[in-house]
Amino acid sequence: MVSRTASCSCGQLRIDVQGEPLGVGVCHCLACQRRTGSVFAALAAFAAPYEVSGTATEYVRVGDQGARFKFRFCPVCGTNLFHTEEGYEGSSVAVAVGAFADPSFPPPEDSVYDCRRHSWVQLPPGIRTYDKDPT
């Protein structure tokens, strides 16, 4: 089984995941743009179990559909490393793709909040796009 480790910029916070991603996607919503400091967030979902080492600071944000998402970031370097949906922490985790530092990581399959995508951002061929969150 494939195992992957994602870490923050300073290496203090890490998350180890097992297996292939359940899905890889990008989100163009304004909250993700502000959270990442980029024009979109690139995330990969993994099934539990996962193992976290180091200390994380948490921030909870309520999504458009009312779900509560708990974001974990490094209190030293500020990297936003992963998040879970409250009530589902035991089943899956979403990890920032860039934190794997692996250029061969699988490409995104879905793009959400395409209505907020910057016009100059080009998506991979065949990616499914959603104007907002499809859930």
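Let us look at the structure shown here.

**Structural notes on the layout of surface pockets**
Where empty space is left can be seen by rolling a probe of water-molecule size over the atoms.
Phase 1 of the analysis: Size it by volume and the largest pocket reaches roughly 1,100 Å³.
Phase 2 of the analysis: Residue lining of the largest pocket: 39 residues in total, with Leu43, Phe69, His83, Val112 and Asp133 positioned closest to the centre.
Phase 3 of the analysis: For the lining of the largest pocket, the elements supplying multiple residues, two or more each, are strand E3 (23-27), helix H1 (30-36), strand E4 (41-47), strand E7 (68-73), strand E8 (80-85), strand E9 (92-96) and strand E10 (110-112).
Phase 4 of the analysis: Among the elements that line the lining of the largest pocket, the one with the most residues is E3, at five residues.
Phase 5 of the analysis: Taken together, the residues of the lining of the largest pocket sort by class into 21 nonpolar, nine polar and nine charged.

**Thoughts on the packing of aromatic side chains**
Phase 1 of the analysis: Counted by the stated rule, this structure contains two aromatic pairs.
Phase 2 of the analysis: Through pairs of rings, three or more aromatic residues link up here, namely Phe46, Phe100 and Phe105.

**Looking at the nonpolar core**
Phase 1 of the analysis: Core analysis: the biggest nonpolar cluster contains 18 residues, and Ile15, Phe46 and Val95 have the highest contact counts within it.
Phase 2 of the analysis: Elements represented by at least two residues in this core include exactly strand E2 (14-18), E4, E8 and E9.
Phase 3 of the analysis: No other element matches E9, which puts three residues into this core.
Phase 4 of the analysis: Among residues more than four places away in sequence, those in contact with Val95 are Ala6, Ile15, Val17, Ala42, Leu43, Ala44, Phe46, Leu81, Phe82 and Phe100.
Phase 5 of the analysis: Formed by seven residues, the second largest nonpolar core is a distinct cluster that contains Cys27, Cys29, Cys32 and Leu43.

**Some points on the sheet that holds strand E1 (residues 3-7)**
Phase 1 of the analysis: As summarised here, the arrangement of the three strands in space is E1-E2-E5, forming an open sheet in which the pairing is antiparallel. The sheet is open, and its two borders are formed by E1 and strand E5 (51-53), each paired with just one other strand. Direction aside, neighbouring strands of the sheet carry axes that sit 20° apart on average.
Phase 2 of the analysis: Both E1 and E2 contribute to a ladder of five bridges, which runs antiparallel. Opposite Ala6, over in E2, you have Ile15 as the bridge partner.

**Regarding the side chain of Lys70**
Phase 1 of the analysis: Structurally, Lys70 is set in strand E7.
Phase 2 of the analysis: Residue contacts for Lys70: discarding those within four places in its chain leaves Glu58, Tyr59, Val60, Phe82, His83, Thr84 and Glu86.

**Topic: the pattern of salt bridges**
Phase 1 of the analysis: Taken as a whole, this structure holds six salt bridges when the rule is applied.
Phase 2 of the analysis: As a salt-bridge pair, Glu58 and Arg72 come within 3.5 Å of each other at their nearest N and O atoms. With a gap of 14 residues between them, Glu58 in strand E6 (residues 57-62) and Arg72 in strand E7 connect regions that are remote in the sequence.
Phase 3 of the analysis: Classification of Glu58 as partly exposed rests on a relative accessible area of 47%.
Phase 4 of the analysis: Salt bridges here are not isolated pairs; linked through shared partners, they connect Glu58, Lys70 and Arg72.

**A few points about unusual backbone geometry**
Phase 1 of the analysis: Geometrically, the link from Ala48 to Pro49 is a cis peptide bond, its omega value of 5° lying close to zero.
Phase 2 of the analysis: Positionally, Pro49 belongs in the loop between E4 and E5.
Phase 3 of the analysis: With a phi angle near 50°, Ala101 is a residue other than glycine that sits in the positive phi range.
Phase 4 of the analysis: Assignment of secondary structure puts Ala101 in the loop between E9 and E10.
Phase 5 of the analysis: Relative accessible area serves as the criterion here: at 66%, Ala101 is assigned to the exposed category.

About the criteria used
Residues numbered from 1 in each chain as written. Predicted model: local features only at pLDDT ≥ 70, side-chain atom pairs only at ≥ 80, totals over all residues. Heavy atoms only, no water. 1 Å grid on protein atoms, 1.4 Å probe; cavity = no way out; pocket = protein on both sides within 12 Å on 5 of 7 lines; lining within 4 Å. Points joined across faces, edges and corners; volume = space filled by probe spheres on them. Helix = DSSP H or I, 4+ residues; strand = E, 2+ residues; numbered from the N terminus. Nonpolar A, V, L, I, M, F, W, Y, C, P; charged D, E, K, R; others polar. Phe/Tyr/Trp six-rings, centres within 6.5 Å; stacked < 30°, edge-to-face > 60°. Core = buried A, V, L, I, M, F, W, Y, C linked by side-chain atoms within 4.5 Å. Buried < 20%, exposed > 50% of the residue type's maximum accessible area, 1.4 Å probe, protein only. Contact = heavy atoms within 4.5 Å. Pairing = 2+ DSSP bridges. Axes fitted to C-alpha atoms, helices over the stretch in contact; angles between N-to-C directions. Salt bridge = Lys/Arg side-chain N within 4 Å of Asp/Glu carboxyl O.

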